[in-house]
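# Breakdown of the fold
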Amino acid sequence: MFRHPVRTTMTGLAAFAVAALPTGAAVAAAPDTSSARPSADCAKGWGSLPEATNTLRRATVENVRTGRHACFDRLVVDLAGPATAYRVQYVPVVYQEGSGDPIPARGGATLRIDVEAPAYDDAGRPTYPLKNLREVSAVTGYDTFRQVAWGGSFEGRTTLALGVRARLPFQTHLLTGPGNAHRLVVDVAHRW
């Protein structure tokens, strides 16, 4: 399926902030002092090269959400069913699944997120009904994220375009639960 060599990341960080905050949720602010800055090693070991897994399993996309954290912004793709293959990489432009039309994304860089899971069931009914294709999740006020746009769900693959402030380090990992559900997590650091 994926023909390019990539760095594969499967990190279980269940003990570390497993869920993204719901859209619009408040984030506790650090005290207002000049020394109140995120740790310099917050994104230690993260990079900007493609990350992927190749294990195909039967799952569907149920939700896409975002959250803000002290030193990174987080995007979560909720999957109904077992974890499945994905690929996350910086690209010059993301193209719409099916049509091939370019998807403009705000920001200085764009991450393409491909999940080998459809956003529809076997009867073709949506498992993740969208309200706005260009603003999948509201990210106004985020430090790194500028836009989450829908790239489509076609032939069993769902694509997102994540516009970010600049080409910053990121990490991906899969989280299990609750039950048989899984989550693809993409964290993008606020700085190098």
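This text follows the structure it describes.
Our subject in this report is the structure included herewith. For clarity, every value in this text was computed on a predicted model and none was experimentally measured. (Residues numbered from 1 in each chain as written. Predicted model: local features only at pLDDT ≥ 70, side-chain atom pairs only at ≥ 80, totals over all residues. Heavy atoms only, no water.)

### A look at the sheet that holds strand S4 (residues 86–91)
Heads up, the rule is: Pairs of strands are assigned from DSSP output, requiring at least two bridges between the strands. Segments assigned H or I by DSSP are reported as helices when at least four residues long, segments assigned E as strands when at least two residues long, and all are numbered from the N terminus. Orientation is described by axes fitted as lines to C-alpha atoms, over the contacting stretch for helices, and by angles from 0 to 180 degrees between their N-to-C directions.
The strand order across the open sheet formed by five strands is S1-S4-S7-S9-S8, and the pairing between neighbours is antiparallel. At either end of the open sheet lies a strand with only one pairing partner, and these are strand S1 (51–53) and strand S8 (145–154). The mean angle between the axes of side-by-side strands here comes to 20°, regardless of whether they run parallel or antiparallel.

### Structural notes on the sheet that holds strand S2 (residues 60–68)
Strand order in the open sheet formed by four strands is S2-S3-S11-S10, with antiparallel pairing between adjacent strands. The open sheet terminates on both sides in strands that have one partner only, identified here as S2 and strand S10 (170–176). Direction aside, neighbouring strands of the sheet carry axes that sit 20° apart on average.

### Looking at the environment of Cys71
Along the polypeptide, Cys71 turns up in the loop between S2 and strand S3 (72–80). For the pair Cys71 and Cys42, spaced 29 residues apart in sequence, the C-alpha separation works out to 6.4 Å.

### Points about the state of the cysteines
Selection criterion: In this description, the term disulfide denotes a pair of cysteine sulfurs within 2.5 Å. Categorising residues by exposure relies on relative accessible area from a 1.4 Å probe, with only protein chains included: less than 20% of the type maximum marks a residue as buried, more than 50% marks it as exposed, and the intermediate range marks it as partly exposed.
Summed over the entire model, instances satisfying the criterion amount to one disulfide. Disulfide partner of Cys42: Cys71, at an S-S distance of 1.3 Å. Within this pair, whereas Cys42 is found in the segment before S1, its partner Cys71 is found in the loop between S2 and S3, the two being separated by 29 residues in sequence. The partly exposed category is assigned to Cys42, whose relative accessible area is 24%.

### Looking at the pairing of S2
As defined by bridge partners, S2 adjoins S3 across eight bridges and the pair is classed as antiparallel. By the bridge assignment for S3, Val64 is matched with Val77. Connecting S2 to the antiparallel partner S3 that follows it, the hairpin turn spans three residues.

### Topic: the packing of aromatic side chains
For clarity, the cut-off: Here the aromatic set is Phe, Tyr and Trp, taking the six-membered ring for Trp, and pairing holds for ring centres within 6.5 Å; pairs whose planes are under 30 degrees apart are stacked, those over 60 apart are edge-to-face, and all others are tilted. Counted as over-ring charges are cases with an Arg CZ or a Lys NZ within 6 Å of the ring centre that also lie within 35 degrees of the ring normal.
Evaluation of the coordinates by the stated rule reveals four aromatic pairs. Consider the rings of Tyr128 and Trp150, whose centres lie 5.8 Å apart with planes at 50°: the pair is tilted. Taken as a pair, Tyr128 in the loop between strand S7 (109–115) and S8 and Trp150 in strand S8 lie far apart in primary sequence, 22 residues in all. Both residues of the pair, Tyr128 and Trp150, count as buried. The residue whose ring lies beneath Arg68 is Tyr142, and the NZ or CZ to ring-centre distance is 5.6 Å.

### A closer look at the pattern of salt bridges
Condition: The salt bridge criterion pairs a side-chain nitrogen of Lys or Arg with a carboxyl oxygen of Asp or Glu, the two atoms within 4 Å.
All told, the structure shown has eight salt bridges when counted by the stated rule. Across the pair Asp122 and Arg58 runs a salt bridge, and its minimum N-O distance is 2.4 Å. Placement of Asp122 in the loop between S7 and S8 and of Arg58 in the loop between S1 and S2 is noted, with a sequence separation of 64 residues between them. In terms of burial, Asp122 and Arg58 fall into one category: exposed. Of the charged contacts, one joins Asp121 and Arg125 as a salt bridge, the two residues approaching to 2.9 Å between their closest N and O atoms. Classification of Asp121 as partly exposed rests on a relative accessible area of 22%. What emerges from the salt-bridge pattern is a single network uniting Glu97, Arg112 and Asp114.

### Considering unusual backbone geometry
Following Gly177, the chain continues into Pro178 via a peptide bond in cis, with omega recorded as 0°. Here Pro178 lies in the loop between S10 and strand S11 (182–189). Despite not being glycine, Glu155 has its phi angle at roughly 50°, a positive value. As for its position among the elements, Glu155 is in the loop between S8 and strand S9 (157–164).

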